[in-house]
Amino acid sequence: MGTLKDRLNDDLHAAMKARDELTTSTLRLALAAVRTAETTGDEERDFSDDEVLAVLTKEAKKRRDAAAAFAGAGRDAQAAKETAEGEVLDRYLPKQLTDAEIAEIVAQALAAGGFTGKAQMGPAMKAAQAAVAGRAEGGRVAAEVRRQLG
């Protein structure tokens, strides 16, 4: 199997052939975001799968946030579109952890690092985020770290 970026390109071409407008537009935006991120900085470079995954995670979060904002403003059609785009991106992201799984992983990370108090929140968050490795949103992880350190 090729890289994640190759998979995105292949799926984009398949969606174009199938005339699936939602998937086509979503994957075009996602690939554009990856290309933009690759060219940001001093020199252009190809991203690894982990870096592409990080870009897709940000894009999916943008869609969730936008859907919530549109729903709150009473623009249900736009909220539904953003939600559908987020679901397309979710196909490429790792399965998200449950709250119980997050609690267990955070507890293990805190025990391994010897973190005990709120004063160690920064290093504890860094260890917890590394242990979770993109399988849960940062806000959920931060809330669990705060709860266990508090």
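To be clear, the structure that these remarks concern was listed above.
Structural notes, computed from the coordinates. (Residues numbered from 1 in each chain as written. Predicted model: local features only at pLDDT ≥ 70, side-chain atom pairs only at ≥ 80, totals over all residues. Heavy atoms only, no water.)

### Overview of the overall build of the chain
Piece 1. A tally of regular secondary structure across the chain gives 7 helices and 0 strands.
Piece 2. For the chain, the succession of helices and strands along the chain, N to C, is α-α-α-α-α-α-α.
Piece 3. Across the 150 residues that make up the chain, the buried fraction comes to 33%.
Piece 4. Across the chain, contacts joining residues at least 24 apart in sequence account for 60% of those joining residues at least 6 apart.
Piece 5. Of the roughly 9,000 Å² of accessible surface on the chain, 53% is carried by carbon and sulfur atoms.
Piece 6. The chain carries 22 positive and 25 negative side-chain charges, and their two centres are separated by 3 Å. (Helix = DSSP H or I, 4+ residues; strand = E, 2+ residues; numbered from the N terminus. Buried < 20%, exposed > 50% of the residue type's maximum accessible area, 1.4 Å probe, protein only. Contact = heavy atoms within 4.5 Å. Areas by Shrake-Rupley, 256 points an atom, 1.4 Å probe, with all protein chains shown as cover. Lys, Arg positive; Asp, Glu negative; His and termini not counted. Charge placed at Lys NZ, Arg CZ, Asp CG, Glu CD.)

### Digging into the packing of helix H3 (residues 49-72) against helix H4 (residues 76-90)
Piece 1. Two numbers describe how H3 lies on H4: the axes approach to 8 Å, and their chain directions differ by 160°. When the axes of H3 and H4 are compared, the pair comes out roughly antiparallel. Crossing angle aside, the handedness with which H3 passes H4 is left-handed. On H4, the residues touching Leu56, Glu59, Ala60, Arg63, Arg64, Ala66, Ala67, Phe70 and Ala71 of H3 are Asp76, Gln78, Ala79, Glu82, Thr83, Glu85, Gly86, Leu89 and Asp90.
Piece 2. Across the contact of H3 with H4, the residue classes tally to 8 nonpolar, 3 polar and 7 charged. (Axes fitted to C-alpha atoms, helices over the stretch in contact; angles between N-to-C directions. Parallel < 35°, antiparallel > 145°, perpendicular 65-115°, else oblique. Left-handed = near helix turned anticlockwise from the far one by under 90°. Nonpolar A, V, L, I, M, F, W, Y, C, P; charged D, E, K, R; others polar.)

### Observations concerning the nonpolar core
Piece 1. In terms of nonpolar packing, the biggest core is built from 17 residues, with Leu8, Leu27, Val52, Leu56 and Tyr92 touching the most fellow members.
Piece 2. Among the elements that line this core, the one with the most residues is helix H2 (residues 21-39), at 5 residues.
Piece 3. In this view, Leu8 contacts Leu27, Leu31, Val52, Leu56 and Tyr92; residues no more than four positions away in its chain are not counted.
Piece 4. Listed in part, the 15 residues of the second largest apolar core include Ile105, Leu110, Ala128 and Ala142. (Core = buried A, V, L, I, M, F, W, Y, C linked by side-chain atoms within 4.5 Å.)

### Re the side chain of Glu85
Piece 1. For Glu85, the location among the structural elements is in helix H4.
Piece 2. Here Glu85 falls in the buried class, since its relative accessible area comes to 3%.
Piece 3. There is a polar contact of 2.7 Å between the side chain of Glu85 and the side chain of Lys81.
Piece 4. Not counting residues up to four positions away in its chain, the partners in contact with Glu85 are Leu22, Ser25, Thr26 and Arg63. (Polar contact = N/O pair within 3.5 Å; in protein donor to acceptor, adjacent residues only side chain to side chain.)

### Section: the pattern of salt bridges
Close approach of charged atoms allows side chains of opposite charge to pair.
Piece 1. Within this structure, the stated rule accounts for 12 salt bridges.
Piece 2. Among the salt bridges present, the one from Arg63 reaches Glu82, with a minimum N-O distance of 3.9 Å. Of the two residues, Arg63 is situated in helix H3 and Glu82 in helix H4; the sequence distance between them amounts to 19 residues.
Piece 3. Relative accessible area serves as the criterion here: at 7%, Arg63 is assigned to the buried category.
Piece 4. Note on Glu82: relative accessible area 11%, which makes it buried.
Piece 5. Three or more residues are tied together by salt bridges with common partners; here these are Glu59, Lys62, Arg63, Lys81, Glu82 and Glu85. (Salt bridge = Lys/Arg side-chain N within 4 Å of Asp/Glu carboxyl O.)

### So, the side chain of Glu38
Piece 1. The residue Glu38 is located in helix H2 in this model.
Piece 2. On the accessibility criterion, Glu38 (5% relative accessible area) is buried.
Piece 3. Engagement of the side chain of Glu38 in a polar contact is seen with the backbone nitrogen of Phe47, the distance being 3.0 Å.
Piece 4. In this structure Glu38 touches Lys5, Glu43, Glu44, Arg45, Asp46 and Phe47, once residues within four positions along its chain are discounted.

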